[in-house]
2 protein chains.
Amino acid sequence: VREALGAGAVVDLFGTIEGYGRARDLVEAAQAAGVGVWPITEHGLATLTDTVTPQGIVAVCRHLHHTDLRAVVDPGNERHRFADEGPRLVVVLASVADPGNAGTVLRTADAAGASAVVFTEGSVDPYNGKCVRASAGSLFHVDIVRGGTTGETVRTLRAAGLTMLAADAHGPVDLDEYADAGGLSARTAWLFGSEAHGLPTGVADIADARVKVATYGLAESLNLAAAAAVCLYASARAHHRPGAVHPAAVREAPS
Amino acid sequence: VREALGAGAVVDLFGTIEGYGRARDLVEAAQAAGVGVWPITEHGLATLTDTVTPQGIVAVCRHLHHTDLRAVVDPGNERHRFADEGPRLVVVLASVADPGNAGTVLRTADAAGASAVVFTEGSVDPYNGKCVRASAGSLFHVDIVRGGTTGETVRTLRAAGLTMLAADAHGPVDLDEYADAGGLSARTAWLFGSEAHGLPTGVADIADARVKVATYGLAESLNLAAAAAVCLYASARAHHRPGAVHPAAVREAPS
């Protein structure tokens, strides 16, 4: 709710006395912004939310943005963490229907420094309540693009100069080896499919590489949100810690 | 269900005709193991599960193991990935009540090569249905320890020679810097607290370091399962890719 208020998305606030008492700063910020602040009973609150244990305050929000993919790849877009070069990190959710997974990946993408998250056709509505809560405010921090097929999205991002990497538990390229070889220093779009159905047919073939996260125990794979965290933080390290030199470079140095 | 069968945990199998038809190998494996295989209607299946869209087969399992923490730190334990030195990677869930998060961390711990996951007092029951499903079979791949306070657990693991790292969004030590300095090559136990309440009071103080995952965007932190994935895979890289030399070593090499 705090992030939604900060983004100017809140229309009305409903809360219990206890809820408001725990978050006086929210009430003050809402009143300062001209947002209606309404008291409500526990029972009334329960009818407004689909959570089992609501936290005492509910915000009614307007939809904020329907960013076009062309705006995302525009070098002048202020969401980019690095000036004058277009987006350095973009996430594409390819028909990801699970709202908890989608919201968690959205939060991780924000934390890893991504400037946009694309929800392709067949993906969950980013305004799904569970997705919004799992995003923990990150819905308001990055550009959200909705719709378009995965194929169209991949073509647009590649045309804008991004390297397209498809996360694939059966992919031929090992993430660590790819990172150590310097591949992740490029501007990158990561493509994640649904855990149940994987990447849409044919999509992995138009990516620049199908990258797998190695497993060292008996688990065959990671869940979507965990795999995305490992992949996106590998990119974050490559982008934000350029001092980390790769083993290949070390082997070439005289001993 | 396949992993439970492999672990000898299944007592009875109940499934619809369609469910069995999609997994004939499971039926054969169950029959070979002397497990009862019973047909059931869709309606009957719904009464046996708490999922909204069950996958057609339900297994009734016995509880398998209640590993003692002393067995986990025994160098002779066959679960260890590296012989003769005791566990190299252990995960402690400190009062983690959310079953989905706990099960996902369990799956990630398995994938990263951990030999045991400890559910301390106040953590969810590892046999909670949602935790079992989120673990995707990893419940049967690693040693599971239940109970004991977080403080007792930390003391036992440290006494066995493991470095105790507490994941803490407000910790003073940066994960990447710690990894680059070689800190993760040690035998390590990672401590994760609940997302709502963080680490239990005083526990962070008895860890060897409180380690944070840096955030590069506007998100304040990662969710528990995502943070655990980043931390545990940083350890996996240090343990399984010893060829990856640290920047400090590179800077010392002549140019």
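Conventions and cut-offs
Residues numbered from 1 in each chain as written. Chains lettered and ligands numbered in written order. Predicted model: local features only at pLDDT ≥ 70, side-chain atom pairs only at ≥ 80, totals over all residues. Heavy atoms only, no water. Core = buried A, V, L, I, M, F, W, Y, C linked by side-chain atoms within 4.5 Å. Buried < 20%, exposed > 50% of the residue type's maximum accessible area, 1.4 Å probe, protein only. Contact = heavy atoms within 4.5 Å. Helix = DSSP H or I, 4+ residues; strand = E, 2+ residues; numbered from the N terminus. Least-squares fit on C-alpha atoms with pLDDT ≥ 70 in both. Phe/Tyr/Trp six-rings, centres within 6.5 Å; stacked < 30°, edge-to-face > 60°.

*Asks:* How would you summarise the nonpolar core if you had to cite specific residues and measurements?
*Replies:* Trp190 and Phe192 of chain A together with Trp190 and Phe192 of chain B are the most contacted members of the largest nonpolar core, which has 111 residues in total. Setting aside residues up to four positions removed in sequence, Phe192 of chain A forms contacts with Val91, Val92, Leu93, Ala94, Val96, Val105, Ala167, Leu199, Leu224, Ala228, Cys231 and Leu232 of chain A.

*Asks:* Any details on unusual backbone geometry? Residues and values, ideally.
*Replies:* All names here are of chain B. We note that Ser95 has phi near 55°; this positive angle belongs to a residue other than glycine. On the secondary structure map, Ser95 appears in the loop between β4 (89–94) and α6 (99–111). Look at Ser95 and you get partly exposed, because its relative accessible area is 28%. The backbone of Ala136 shows a phi angle near 50°, a positive value even though the residue is not glycine. With respect to the element layout, Ala136 can be found in the loop between α7 (129–135) and β6 (143–146). For Ala136, a relative accessible area of 42% corresponds to the partly exposed category.

*Asks:* How would you sum up the relation of the copies chain B and chain A? Please name residues and give values.
*Replies:* With an RMSD of 0.0 Å, chain B superimposes on chain A once it is rotated by 180° and translated 0.0 Å along the axis. Look at the turn and shift together and you get a two-fold axis relating the two. The fraction of interface residues of chain B whose copies in chain A are also interface residues reaches 100%, indicating that both copies meet through the same surface.

*Asks:* Can you lay out the packing of aromatic side chains for me, pointing to particular residues and giving the numbers?
*Replies:* Under the counting rule described, the total for this entry stands at four aromatic pairs over all chains. With a centroid separation of 6.4 Å and 45° between ring planes, the pair formed by Tyr233 of chain A and Tyr216 of chain B is classed as tilted. In this pair, Tyr233 of chain A is assigned in helix α10 (residues 224–240) and Tyr216 of chain B in the loop between β10 (209–212) and α10 (224–240), connecting two distinct chains. The buried category is assigned to Tyr233 of chain A, whose relative accessible area is 3%. Tyr216 of chain B sits in the partly exposed class, given a relative accessible area of 21%. Measuring from centroid to centroid gives 6.0 Å for Trp190 of chain B and Phe192 of chain B, while their planes differ by 5°, and the two rings are stacked. You'll find Trp190 of chain B and Phe192 of chain B in the same group, each marked buried.

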